[in-house]
Amino acid sequence: MKNDLETIKKEIRGLVSELAEIPVKDLRDTARFAEDLGIDSMKALEIVAAVEKKYRVIVPEEEIPTIRSLQQMFVLIEKLLNK
Amino acid sequence: MRGLKNKTAIITGGSRGIGRACCLAFAREGANIAFTYNKSRQEAEKIKEEILSLGAEPLSFQADVKDYTQCRKVIEDTLAKFGKIDILINNAGITKDRALFMMTLEEWKEVIDTNLGGTFNMTRAAITTLMKQKEGCIINMSSVSGLIGLSKQSNYSASKAGIIGFSKALAKEVAPLNIRVNAVCPGFIETDMTAALNENMKKQILELIPEKRLGRPEEVAELCVFLASGKAAYIAGEAIKIDGGLAI
C-alpha cells in the first residue's frame, strides 16, 4: 500500500501541476492551494473533478471545501480508495 | 424535434402553469424529466403519465424549494436515476400580492424565500455537479415584474429582480466552464396565478399589453427549450422578456 500511495501522490502532483500550470518542483505537499499557490476555488474544483475521474471515486460535496492542500487531498483520496 | 434526447432536465414547480408546460415541452424534445411539486400531488401524477406518453422518462419529487436539504435530495436522486444533469429550470414561485402598507413580514419572507431562496437552493445544490461536468444550462424564471415593478407586488418584484441579478452574476462565474445561465421574464401568462385576478383587473391588464392577449404557458416553455438548445449556445446572462410587448 505504501508504494501505491507514493505512486498516487506522484500522479496527483502531476495532475495539479498540469491543471494549475505550476512546475512539480514548486508543489510542496503542505502548500495551501489558495494562499501559497494561487489556485482559485474554480481551479480547485477542476482538480477535484480530474482526480475523481482518474481514480473513479466521488469526493463528497461537503468535503470539497476542506481540501486546501495536496496533503489534505492525499489523505482524502487514500480514505476514499480504501472504502 | 427530440433535440434534447438523452439530456436530463430538472424543473421546479412542474405540476402547474409554466412549469407543467416546460415538463411537456422538454419531454417532447426527448429529455428525461425530473420535476418538483409542493402540494399538487394529483396534478403531478397526471404530468408523469403525460411525460411517459410522450416517450420520455419522468421522475417526480414532493419538495419545498425553501428547504436546502430537500433540494439537495432532488439533485442526488436525479443523478442516481439519470446519471447527469444537463438543464435546471428554477420555475417554482408564488405570489402574495398586497399593498406594502398592509404587507406582513411573513408575506414578504414567504415570497422571497420561495422565489429567490428557492432559486439559490436548487442552483447551489446542483452547481458543483454542473461544474464538474463542464456542461450545463440554468434557466431561472423571473418576470416582467422584476424588470418594471408592478403595484402591490413589492415582495414578488423584489424576488424576481433578485433572480435577474443572481442569474447575471452566476452567468459570469460559470460561463468559462461551459455553463450558461439565463433568466426568462414572462408577462401575464394564462396560469392559476393570473386566473386569480378579477375581471376588472384582467381588463386593465389587457389594455397595457400591446398584443392585447395573455401569453400561453407553452409559449414560455418553447423559449426555455430554445435557451436549453445548442441554438442558444452564445446566449448567457440574458434576461429575456416574453410579454406581448408589456414592458417595452
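The following refers to the structure shown. All values derive from a computational prediction rather than experimental measurement. (Residues numbered from 1 in each chain as written. Chains lettered and ligands numbered in written order. Predicted model: local features only at pLDDT ≥ 70, side-chain atom pairs only at ≥ 80, totals over all residues. Heavy atoms only, no water.)

Bringing the overall build of chain B into the picture now. Counting its secondary structure elements, chain B contains nine helices and seven strands. Taken against the 2.2 N^0.38 rule, which gives 18 Å for 248 residues, the C-alpha radius of gyration of chain B at 17 Å falls within 12% of a compact globule. Oriented by its inertia axes, the alpha-carbon framework of chain B measures out at about 50 × 35 × 35 Å. Look at the contacts in chain B between residues 6 or more apart in sequence, and 73% of them connect residues 24 or more apart. Of the roughly 11,600 Å² of accessible surface on chain B, 53% is carried by carbon and sulfur atoms. With 33 positive and 28 negative side-chain charges, chain B shows a separation of 3 Å between the mean positions of the two kinds. (Helix = DSSP H or I, 4+ residues; strand = E, 2+ residues; numbered from the N terminus. Rg over C-alpha atoms; globule rule 2.2 N^0.38 Å. Contact = heavy atoms within 4.5 Å. Areas by Shrake-Rupley, 256 points an atom, 1.4 Å probe, with all protein chains shown as cover. Lys, Arg positive; Asp, Glu negative; His and termini not counted. Charge placed at Lys NZ, Arg CZ, Asp CG, Glu CD.)

For the rest of this paragraph, the subject is helix α2 (residues 41-53) of chain B. Residues and elements named next belong to chain B. Between its terminal C-alpha atoms α2 stretches 19 Å, which fits the 18 Å expected from 13 residues at 1.5 Å a residue. Listed as buried for α2 are A44, I47 and I51. Along the long axis of α2, the arc covered by the buried residues comes to 60 degrees, so they all point the same way. Seen from the buried face of α2, the exposed residues on the opposite side, beyond 90 degrees, are Q42, K46, E49, L52 and S53. Residues of α2 that are buried make contact with α1 (17-28), β2 (32-37) and β3 (58-62). (Expected span 1.5 Å × (residues − 1). Buried < 20%, exposed > 50% of the residue type's maximum accessible area, 1.4 Å probe, protein only. Arc of directions from axis to C-beta.)

What follows covers the pairing of strand β4 (residues 87-90) of chain B. Residues and elements named next belong to chain B. Of the two faces of β4, both are covered, the one formed by I87 and I89 as well as the one formed by L88 and N90. The pairing of strand β1 (residues 8-11) with β4 spans three bridges and is parallel. Bridge assignment links A9 to a residue of β4, and that residue is I87. Note that β4 and strand β5 (residues 136-141) share four bridges and pair parallel. Residue I89 lies in a different strand from β5, and its bridge partner there is I139. (Pairing = 2+ DSSP bridges.)

Residue and element names in this part refer to chain B. Pairing is parallel in the open sheet, where seven strands are placed in the order β3-β2-β1-β4-β5-β6-β7. Bordering the open sheet on either side are β3 and β7 (239-242), each of which pairs with just one other strand. When the angles between neighbouring strand axes are averaged without regard to direction, this sheet yields 15 degrees. With four bridges connecting them, β1 and β2 associate as parallel partners. Bridge assignment links T8 to a residue of β2, and that residue is N32. Against the sheet, α1 contacts β1, β2, β4, β5 and β6 (179-186), and its axis sits at roughly 170 degrees relative to β1. (Axes fitted to C-alpha atoms, helices over the stretch in contact; angles between N-to-C directions.)

Accessible area lost when the parts come together is the quantity often used to give the size of an interface. Taken together, the contact pairs nine residues of chain A with eleven residues of chain B. Interface area for chain A against chain B, summed over the two sides, is near 750 Å², with a carbon-plus-sulfur share of 62%. Viewed at the interface, chain B and chain A are joined by four salt bridges. Here R72(B) and E61(A) are joined by a salt bridge, their closest N and O atoms 2.8 Å apart. There are four residue pairs in polar contact (both at pLDDT 80 or more) connecting chain A and chain B. The class makeup of the residues in the side of chain A that touches chain B is six nonpolar, no polar and three charged. (Buried area = accessible area lost by both parts, 1.4 Å probe. Salt bridge = Lys/Arg side-chain N within 4 Å of Asp/Glu carboxyl O. Polar contact = N/O pair within 3.5 Å; in protein donor to acceptor, adjacent residues only side chain to side chain. Nonpolar A, V, L, I, M, F, W, Y, C, P; charged D, E, K, R; others polar.)

All names here are of chain B. Residue placement: L214 occurs in the loop between α8 (199-208) and α9 (217-228). Put simply, L214 and I189 are 25 residues apart on the chain and 5.2 Å apart in space, counted from C-alpha to C-alpha. Leaving out residues up to four positions away in the same chain, L214 has contacts with F188, E190, T194, I205, L206 and I209.

Right, let's talk about the nonpolar core for a bit. Judged by nonpolar contacts, the single largest core of 54 residues is most densely connected at I12(A), I39(A), M73(A) and I77(A). Among the elements of the structure, α1 (2-20), α2 (41-55) and α3 (70-81) of chain A together with β3, α3 (68-82), α4 (105-133), α6 (154-174) and β6 of chain B are those that each provide at least two residues to this core. Residues within four places of I12(A) in sequence aside, it is in contact with Y55(A), L70(A), M73(A), F74(A) and I77(A). In terms of nonpolar packing, the next biggest core, distinct from the first, is built from 34 residues, L24(B), A25(B), A44(B) and I47(B) among them. (Core = buried A, V, L, I, M, F, W, Y, C linked by side-chain atoms within 4.5 Å.)

On their own, these measurements won't tell you what the molecule is for.
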